[in-house]
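Read off the chains here:
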Amino acid sequence: ALLPHLSKLAIDNKRSEVREQLVRAIKMVAVLTIPSGVAFLLFGPLITRVLFFGIAKSDAIYIGNVLSALGVGLVAFSINIILIRGFNAFEDTRTQVLSILAINLVSVALSYLSLNVLSSKWVTVGLGLAFSISYMVGLLVTLALLKRHTGRILISDFFSQHLRLL
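The sections below set out a description of the structure shown in this document.

Cut-off values and rules
- Residues numbered from 1 in each chain as written.
- Predicted model: local features only at pLDDT ≥ 70, side-chain atom pairs only at ≥ 80, totals over all residues.
- Heavy atoms only, no water.
- Helix = DSSP H or I, 4+ residues; strand = E, 2+ residues; numbered from the N terminus.
- Buried < 20%, exposed > 50% of the residue type's maximum accessible area, 1.4 Å probe, protein only.
- Contact = heavy atoms within 4.5 Å.
- Phe/Tyr/Trp six-rings, centres within 6.5 Å; stacked < 30°, edge-to-face > 60°.
- Axes fitted to C-alpha atoms, helices over the stretch in contact; angles between N-to-C directions.
- Parallel < 35°, antiparallel > 145°, perpendicular 65-115°, else oblique.
- Left-handed = near helix turned anticlockwise from the far one by under 90°.

1. Things to note about the overall build of the chain
Next up, step 1: From N to C terminus, the chain includes seven helices and zero strands.
Next up, step 2: Oriented by its inertia axes, the alpha-carbon framework of the chain measures out at about 55 × 30 × 25 Å.
Next up, step 3: Residues counted as buried form 37% of the 166 residues belonging to the chain.
Next up, step 4: Intrachain contacts of the chain at a sequence separation of at least 6 include 71% that bridge at least 24 residues.

2. A word on the packing of aromatic side chains
Next up, step 1: Following the criterion strictly, the structure yields two aromatic pairs and no others.
Next up, step 2: Between Tyr 62 and Trp 122 the ring centres are 6.4 Å apart and the planes differ by 45 degrees, which places this aromatic pair in the tilted class. With Tyr 62 in helix H3 (residues 57–71) and Trp 122 in the loop between helix H5 (93–117) and helix H6 (123–150), the pair connects residues that are 60 residues apart, well separated along the chain.
Next up, step 3: Given the relative accessible area of 22%, Tyr 62 is considered partly exposed.

3. Examining the packing of helix H4 (residues 74–89) against H6
Next up, step 1: Contact geometry of H4 with H6 gives a least axis separation of 9 Å together with a crossing angle of 20 degrees. Accordingly, the angle class assigned to the pair H4 and H6 is roughly parallel. In terms of crossing hand, the pair formed by H4 and H6 is left-handed. For the pair formed by H4 and H6, the contact residues are Ala 76, Phe 77, Ile 79, Asn 80, Leu 83, Gly 86 and Phe 87 on the first element and Tyr 135, Met 136, Gly 138, Leu 139, Thr 142, Leu 143, Leu 145, Leu 146 and His 149 on the second.

Here it is in structure tokens:
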């Protein structure tokens, strides 16, 4: 629902309004992603033990540890998805590739590190954490690249609300 409105604002060259709508969307999505991310981080093994009651308890706990690791990056992931809509509104699919490339490079490097440093029991949890960290780095890259279209979007534009939700 956000993209058509952003596209209309972009066509009308209302860049500051595009920025405001992106920040508004980030704040709205945070109402779900922050509590979910905290729940996944703190209660991942418990959640998966309840959901996957038909498998061995140790397997459910392991899946929960992976869920916890992925929960760390849930908020950054959701913000990235929203900010990519900003590139789409301005019909700039090339620049968003740089953001995705940065995310993937960090993810691959940290995944490789996890594979070589962690014991085989913890590699998948390390991969989840690698993805989480890559989205945090990607968020910074996306914000830096998007400012060309919308002006600077600062983390402080939504951080206080995120902190209250946390």
